[in-house]
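Okay, here's what each chain looks like letter by letter:
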Amino acid sequence: MPETTEKKKVILSAIQPSGTITLGNYLGALRNWVKLQEDYHCIFAVADLHAITVRQEPKTFRQNILNAYALLLACGIDPTKSPVFIQSHVHTHAELAWLLNCYTQFGELSRMTQFKDKSQKHSDNVNAGLFTYPTLMAADILLYQADMVPVGADQKQHLEIARNIAERFNGIYGNTFKLPEPYIAQVGARVMSLQDPTKKMSKSDENVNSWVAVLDKPETIMKKFKRAVTDSDTVVCVGEGKDGINNLIGIMSAVTGKTSEEITAEFEGKGYGDFKAAVGEAVIEELRPIQERFNDYINNKDYLVEQYRKGSEFALKLSQRTLDKAMKKIGFIAK
Ligand code: TYM
């Protein structure tokens, strides 16, 4: 387990275990987490408390939490270097979230795009948790005094509100929380739906052809890319009104490391059909080793349990310090 006194900057990020983990999650977040492990003191979490803002079927939910944990390791996160914990195992998160709720305005939560989207999508269950979700996310981050938070572009607004809450709290009580910076990679930060490339790729999309899951079978991945919506042009290049192709070039670029110009040159004179198949192939090859490792991890439950217990022990120790500090500043009596 890393020393907490290390001078390396602290990175914290998390993913919800709400079913399928998509290529968007992988390219926008997980892949960057793996790279950052070398140079930063990283802490990662499976954000299961966040997931119950929409209804979860208990048995499936339990399995999804474990699957998400195994998938993080399969992507290359080494829990002996970067502790990985399950959010609900570390009680400080829910506690700090409550405190932060009292320093967060109704108005600023109402402006959150994700709240507006999700409350439309789940109009029969617009619960208070869905509304206060950003304060729990702020707690996740602030508890660890994180310097940087690697996320996809869709989480930028939540990062901003976390900073605002921290700044407000520090303004009242003096320096308590570090202000976190978002870390949004140049490529892959916003992977779009394969069926409606004006919308982000999302696991909650009912059209299964709109997303690729990290654990999809190779033939399924290929089928989804071949069906990807494009346009009536024929040239493989970035352009206005070419959202589908722009997205596929973005995915290809993220997976292969090639620039969009290199990709355009490579596919000169070839049609969209060839290009879609090539993107499919590149994604299959990228995901193949992850899928193999996932199968090993998920069949080794003892190892997963050992790691998530160690992870939560580490996370509790670290986060308790911040929670105690915040509570003392507010005026609560120490135990
Ligand atoms: P979640 O679980 O929706 O997504 C996990 C990560 O994947 C990124 N992502 C994408 N990136 C690119 N293209 C896409 N189509 C795409 N879809 C998702 C997300 O930006 C995210 O980085 N609230 C967070 C989870 C969370 C968290 C935190 C994150 C809870 N506590 C503390 C950072 C710090 C969420 O719902 O992500």
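Residues numbered from 1 in each chain as written. Predicted model: local features only at pLDDT ≥ 70, side-chain atom pairs only at ≥ 80, totals over all residues. Heavy atoms only, no water.

### Brief notes about the domain arrangement of the chain
Condition: Each domain span listed reflects an automatic or database assignment of domains. Two residues form a contact once any of their heavy atoms are found within 4.5 Å. The buried area of a pairing is the accessible area, by a 1.4 Å probe, that goes missing from both parts when the two are put together, added over both. In what follows, salt bridge is the name for a side-chain nitrogen of Lys or Arg lying within 4 Å of a carboxyl oxygen of Asp or Glu. Distance and chemistry together define a polar contact, namely a pair of N or O atoms within 3.5 Å, with one atom able to donate a hydrogen and the other to accept it when in protein, and with adjacent residues in sequence counting only for side-chain atoms on both sides. Every helix listed is a DSSP run of H or I at least four residues long, and every strand listed is a run of E at least two residues long, numbered separately from the N terminus.
Segmentation of the chain into domains returns domain 1 (10-188 + 301-330) and domain 2 (208-294). A straight line from the C-alpha centre of domain 1 to that of domain 2 covers 30 Å. Counting from both sides, the interface comprises 14 residues of domain 1 and, opposite them, 16 residues of domain 2. Taken over both partners, the interface formed by domain 1 and domain 2 buries close to 1,300 Å², and the fraction arising from carbon and sulfur atoms is 73%. When the buried surface of domain 1 facing domain 2 is broken down by residue, Leu23, Tyr26 and Ala74 rank first, second and third, together holding 40% of it. Counting the contacts that link domain 1 with domain 2 gives zero salt bridges. The interface formed by domain 1 and domain 2 holds five residue pairs in polar contact (both at pLDDT 80 or more) in total. Elements with a contribution of two residues or more to the side of domain 1 that touches domain 2: α1 (23-36) and α3 (58-75). It is α3 that contributes the most residues to the side of domain 1 that touches domain 2, five residues altogether.

### Focus on the site of the ligand
Selection rule: The near set for a molecule or strand comprises every residue that places at least one heavy atom within 4 Å of it. Methods summary: accessible areas were calculated by the Shrake-Rupley approach with a probe of 1.4 Å, and residue burial reflects only the protein chains presented. Throughout this entry, Asp, Glu, Lys and Arg are counted as charged residues, while Ala, Val, Leu, Ile, Met, Phe, Trp, Tyr, Cys and Pro are counted as nonpolar. The remaining residues, Gly among them, count as polar.
Around the ligand, a shell composed of 26 residues is seen, among which Gln16, Tyr133, Asp140, Asp154 and Val191 lie nearest. Taking Asn25, its side chain carries an N or O atom lying 3.0 Å from an oxygen atom of the ligand. Within the backbone of Val191, one N or O atom sits 2.8 Å away from a nitrogen atom of the ligand. Out of a free accessible area of 710 Å², the ligand has 97% covered by protein chains. Elements supplying a minimum of two residues to the shell around the ligand: β1 (10-15), α1 and α7 (128-142). A per-class count over the shell around the ligand returns 13 nonpolar, nine polar and four charged.

### Observations concerning the pattern of salt bridges
The condition that has to hold: Note on exposure labels: buried denotes an accessible area under 20% of the residue type's maximum, exposed denotes more than 50%, and partly exposed covers the range between, all computed with a 1.4 Å probe on protein chains only.
Counted according to the given criterion, the structure contains 12 salt bridges. Put simply, Glu38 and Lys81 hold a salt bridge, and the shortest N to O gap is 3.1 Å. Taken together, the residues span a long stretch of sequence, with Glu38 in the loop between α1 and β2 (41-46) and Lys81 in the loop between α3 and β3 (84-86) at a distance of 43 residues. Of the residues examined, Glu38 reaches a relative accessible area of 49% and is grouped as partly exposed. Between Glu285 and Arg288 there is a salt bridge, with the nearest N and O atoms lying 2.7 Å from each other. Taken together, the residues Glu285 and Arg288, both in helix α12 (residues 272-298) and three residues apart, mark about one turn of the helix.

### Some details on the nonpolar core
We count it as follows: Joining through side-chain atoms within 4.5 Å is the link that ties buried Ala, Val, Leu, Ile, Met, Phe, Trp, Tyr and Cys residues into a set, and such a set is a nonpolar core.
Ranked by size, the top nonpolar core spans 63 residues in total, and within it Leu23, Tyr26, Phe225, Ile251, Phe275 and Val283 carry the most contacts. It is α3 that provides the largest number of residues to this core, a total of 11 residues. Residue assignment places this core across two domains, with domain 1 (10-188 + 301-330) and domain 2 (208-294) each supplying three or more. Not counting chain neighbours up to four residues away, the residues in contact with Tyr26 comprise Arg31, Cys75, Val214, Glu286, Leu287 and Ile290. Residues Ala97, Leu100, Ala139 and Phe314 belong to the second largest nonpolar core, which totals 40 residues.

### Some points on the pairing of β1
For clarity, the threshold we go by: Two strands pair under a simple rule: DSSP has to find at least two bridges between them. Handedness rule for crossovers: strands pointing away from the viewer, path from the first strand over the helix to the second running clockwise, crossover right-handed.
Along β1, five of the six residues are buried, which leaves the element largely enclosed by surrounding structure. Alignment of β1 against β2, held across six bridges, turns out to be parallel. Bridge pairing in β2 links Ile15 to Val46. Traced from β1 through α1 to β2, the parallel crossover comes out right-handed.

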